[in-house]
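Architecture and fold: a report
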Amino acid sequence: MVVSGFGRSPPLMIAGGRVFVLPCIQKIQRITLNTLTLNVKSDKVYTRHGVPISVTGIAQVKIQGQNKEMLATACQMFMGKSEAEIANIALETLEGHQRAIIAHLTVEEIYQDRKKFSEQVFKVASSDLVNMGIGVVSYTLKDVHDDQDYLHSLGKARTAQVQKDARIGEAQYKRDSVMREAHAMQEKVSAQYKNEIEMAKAQRDYELKKADYDVEVNTKKAQSEMAYQLQVAKTKQRIEEEKMQIQVVERTQQILLQEQEIIRKENDRWPRKQRPSSSTKMEPWWTCCWRNCHWSV
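Residues numbered from 1 in each chain as written. Predicted model: local features only at pLDDT ≥ 70, side-chain atom pairs only at ≥ 80, totals over all residues. Heavy atoms only, no water.

The protein chain is annotated in an unreviewed UniProt entry as Flotillin from Sander lucioperca.

Set out below in structure tokens:
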């Protein structure tokens, strides 16, 4: 509300609330502070590459009642105008900025990066409408279309490119998968060979050590057997020597017994008086035998 007239210089601006007005000498006017939704349409605007397209955006605008300077500016420009008239002025301003930005961009830039396009329109429109006391709350690109099937062709090309990339990606994935599988198989075979080599080395070391142990054991065993056989031989030799000594003793005893028997027989053959006295030295037995044999002849 704006109160002007007697005692109100400059006019009193009230954003909501109540005020006392003196009839006939004071005047009250109203200006909308509602948020206005604008359907911003730009039909068949030529882009930077000369392709005509139609763009539709949705904008939310509002007279800033909390900012006294913007409210004063809005009151100066729109006082006495209806909400529709204010919305139309803001719409034309936004549509002009929208067309200008479309003309500086390509279809691909507008279609593929809608956020960037919306930010540009919002920035340019906000800087212009603020001079009217209007603030742009938001702007969103709603629709982009054309009558030349350019976007459709672009979509086909993009679809074909996506399909191509998908095929390439699938082929690359299969190739990488085959390569990874081959690499894994190679590592597996390498690990298997390495394991077999390690097992062979371990087996070889075991065989070598076992051979060394067998040689040592056989050597010790042979030495033990040789020592045993040597001890057996020494024992046998000692036994043989003892046997020979026994035989010698037995033979000596036999000889003594034979000598005694011969002496006994000689004594029995001689008469008693011819027997040599015990003091007389006896002749050997072979002398007697020789003499007797001589007499017999």
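What follows deals with the side chain of Ser42. Following the sequence through the fold, Ser42 ends up in strand β4 (residues 36-46). A distance of 2.7 Å separates polar atoms of two side chains, one belonging to Ser42 and the other to Gln98. Sequence-distant contacts of Ser42, that is, excluding residues within four places in its chain, are made with Ile53, Ser54, Val55, Glu95, Gln98, Arg99 and Ile102. (Helix = DSSP H or I, 4+ residues; strand = E, 2+ residues; numbered from the N terminus. Polar contact = N/O pair within 3.5 Å; in protein donor to acceptor, adjacent residues only side chain to side chain. Contact = heavy atoms within 4.5 Å.)

The next subject is the pairing of β4. Relative to strand β5 (residues 52-63), β4 runs antiparallel, the two sharing nine bridges. Within the sheet, the bridge partner assigned to Asn39 lies in β5 and is Ile58. (Pairing = 2+ DSSP bridges.)

Right, let's get into unusual backbone geometry. At Lys44, a position not held by glycine, the phi torsion is positive, near 50°. Mapped onto the elements, Lys44 comes out in strand β4.

With that settled, consider the pattern of salt bridges. Pairs can form between side chains of opposite charge once their charged atoms are near each other. The full count for this structure, using the stated rule, is eight salt bridges. Residue Arg204 is joined to Asp205 by a salt bridge in which the shortest nitrogen-to-oxygen separation is 3.3 Å. The partly exposed category is assigned to Asp205, whose relative accessible area is 33%. Here Glu261 ties to Arg264 by a salt bridge, and the two come within 2.1 Å at their closest N and O atoms. (Salt bridge = Lys/Arg side-chain N within 4 Å of Asp/Glu carboxyl O. Buried < 20%, exposed > 50% of the residue type's maximum accessible area, 1.4 Å probe, protein only.)

Let us now look at the nonpolar core. Among the nonpolar cores identified, the biggest contains 33 residues, and Leu38, Val61, Phe117 and Ile134 are the most heavily contacted of them. The greatest single-element share of this core, amounting to six residues, is contributed by helix α2 (residues 83-103). Filtering out sequence-adjacent residues up to four positions away, Val61 remains in contact with Asn34, Thr35, Leu36, Leu38, Ala90, Leu94, Leu129, Ile134, Gly135, Val136 and Val137. (Core = buried A, V, L, I, M, F, W, Y, C linked by side-chain atoms within 4.5 Å.)

Given a rise of 1.5 Å per residue, 21 residues ought to cover 30 Å, and the 30 Å separating the end C-alpha atoms of α2 matches this to within 8%. Burial in α2 covers these residues: Ile86, Ala87, Ala90, Thr93, Leu94, Glu95, His97, Gln98, Ile101 and Ile102. Packing partners of the buried residues in α2 comprise β4, β5, α1 (68-78), α3 (107-112), α4 (114-129) and β6 (134-145). (Expected span 1.5 Å × (residues − 1).)

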